[in-house]
Amino acid sequence: MVEGSPASRGPGADPQAVARSVCLRLLTMAPRTRAQLAEALRRREVPEEAAEAVLERFSEVGLIDDEAFAAAWVSSRHAGRGLARRALASELRHRGVNEDTVKDAVEQLDPEQEVETARRLVARRLSSTRGLEPAARTRRLAGMLARKGYGPGLAFRVIREALESEQAESSAFSTEFDYPDE
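To keep things clear, this report deals only with the structure shown in the data block. (Residues numbered from 1 in each chain as written. Predicted model: local features only at pLDDT ≥ 70, side-chain atom pairs only at ≥ 80, totals over all residues. Heavy atoms only, no water.)

A closer look at the pattern of salt bridges
Phase 1 of the analysis: One pass over the structure, following the stated rule, counts 13 salt bridges.
Phase 2 of the analysis: The salt bridge involving arginine 77 is made with glutamate 91; its shortest N-O contact spans 2.8 Å. Of this pair, arginine 77 sits in helix α4 (residues 66–81) while glutamate 91 sits in helix α5 (residues 85–94), and the two are 14 residues apart along the sequence. No difference in accessibility class separates arginine 77 from glutamate 91, as the two residues are buried.
Phase 3 of the analysis: Among the ionic pairs, arginine 85 bridges to glutamate 114, the shortest N-O distance being 3.5 Å. Separated by 29 residues along the polypeptide, arginine 85 in helix α5 and glutamate 114 in helix α7 (residues 111–126) bring together distant segments of the chain.
Phase 4 of the analysis: Its relative accessible area of 24% is what places arginine 85 among the partly exposed residues.
Phase 5 of the analysis: Among the ionic contacts, a cluster of salt bridges with common partners joins Arg34, Glu52 and Glu56. (Salt bridge = Lys/Arg side-chain N within 4 Å of Asp/Glu carboxyl O. Helix = DSSP H or I, 4+ residues; strand = E, 2+ residues; numbered from the N terminus. Buried < 20%, exposed > 50% of the residue type's maximum accessible area, 1.4 Å probe, protein only.)

Some details on the side chain of threonine 138
Phase 1 of the analysis: Among the structural elements, threonine 138 can be located in helix α8 (residues 134–147).
Phase 2 of the analysis: Polar contacts involving the side chain of threonine 138 include one to the main-chain carbonyl oxygen of proline 134, which spans 2.9 Å.
Phase 3 of the analysis: Discounting chain neighbours no more than four positions away, the residues touching threonine 138 are Phe156, Ile159 and Leu163. (Polar contact = N/O pair within 3.5 Å; in protein donor to acceptor, adjacent residues only side chain to side chain. Contact = heavy atoms within 4.5 Å.)

A few points about unusual backbone geometry
If a residue is not glycine, its phi is most likely negative; likewise, a peptide bond is most likely trans.
Phase 1 of the analysis: Of note in this structure, glutamate 45 is not a glycine but carries a positive phi near 60 degrees.
Phase 2 of the analysis: Turning to its location among the elements, glutamate 45 is positioned in the loop between α2 (34–43) and α3 (48–60).

Remarks on the environment of methionine 144
Phase 1 of the analysis: Tracing the backbone through its elements, the reader meets methionine 144 in helix α8.
Phase 2 of the analysis: A C-alpha to C-alpha distance of 8.6 Å links methionine 144 and leucine 121, two positions 23 residues apart in sequence.
Phase 3 of the analysis: In contact with methionine 144, other than residues within four places in its own chain, are Leu121, Val122 and Arg125.

Some details on α7
Phase 1 of the analysis: The end-to-end C-alpha distance of α7 is 22 Å, a good match for the 22 Å that 16 residues give at a rise of 1.5 Å each.
Phase 2 of the analysis: Of the positions making up α7, those classed as buried are Glu114, Val115, Thr117, Ala118, Leu121, Val122 and Leu126. (Expected span 1.5 Å × (residues − 1).)

As for the packing of aromatic side chains
Phase 1 of the analysis: Throughout the structure, instances matching the rule amount to one aromatic pair.
Phase 2 of the analysis: Ring centres of phenylalanine 69 and tryptophan 73 lie 5.6 Å apart, and the angle between their planes is 20 degrees; on these two criteria the pair is classed as stacked. Linking phenylalanine 69 with tryptophan 73, this pair stays in helix α4, spanning four residues, or about one helical turn. Each of the two residues, phenylalanine 69 as well as tryptophan 73, counts as buried. (Phe/Tyr/Trp six-rings, centres within 6.5 Å; stacked < 30°, edge-to-face > 60°.)

What about a nonpolar patch on the surface?
Phase 1 of the analysis: On the surface, Leu24, Val61 and Leu63 cluster together into a nonpolar patch covering about 250 Å² of accessible area.
Phase 2 of the analysis: Mapped onto the secondary structure, leucine 24 falls in helix α1 (residues 15–29). (Patch = residues over 30% accessible without salt bridge, like charges linked within 9 Å, V, L, I, M, F, W, Y side chains within 5 Å. Areas by Shrake-Rupley, 256 points an atom, 1.4 Å probe, with all protein chains shown as cover.)

Quick look at a negative patch on the surface
Phase 1 of the analysis: Taken together, the side chains of Asp65, Glu67, Asp100, Asp104 and Glu107 define an acidic patch exposed on the protein surface.
Phase 2 of the analysis: It is helix α6 (residues 99–107) that contributes the most residues to the negative patch, three residues altogether.
Phase 3 of the analysis: With respect to the helices and strands, the residue aspartate 65 is situated in the loop between α3 and α4. (Lys, Arg positive; Asp, Glu negative; His and termini not counted. Charge placed at Lys NZ, Arg CZ, Asp CG, Glu CD.)

Listed below in structure tokens is the structure:
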């Protein structure tokens, strides 16, 4: 242990006790991946062997479970923020989840569910673009979907459907009433 490091000032200066304390504190605040916890331990200058021993033990007892973390992340972020597979995969990779686990987690997302979410996002945002030129509306809606990880093919298809539906509704509304000539 490095003298004067944050780990040397921990409970009894036992590196494993420091590692356990850091991991438990972080896991109490929010679920974390093994890589996130390992990085936190590196920042606290916990010796590699002590950190690895604690991380391994926490994995054995189920306190660290990257597969469960990834599945919950995909479900939560798709439902709450409307993120597509690409954005979800990127976020998981950024959190240190391995590629196989990322792939398994995003494959749980049904492609039809992803399309429906894109439609909901466009429908929610469509009214705020009224009054703009069709090209500007399309750019804004496509940009919003792109930031959420939707590919251009899906984005433009969903936007075209929404704009066509809106146009059909407005023409049906205008012919629905027969205005008398004055």
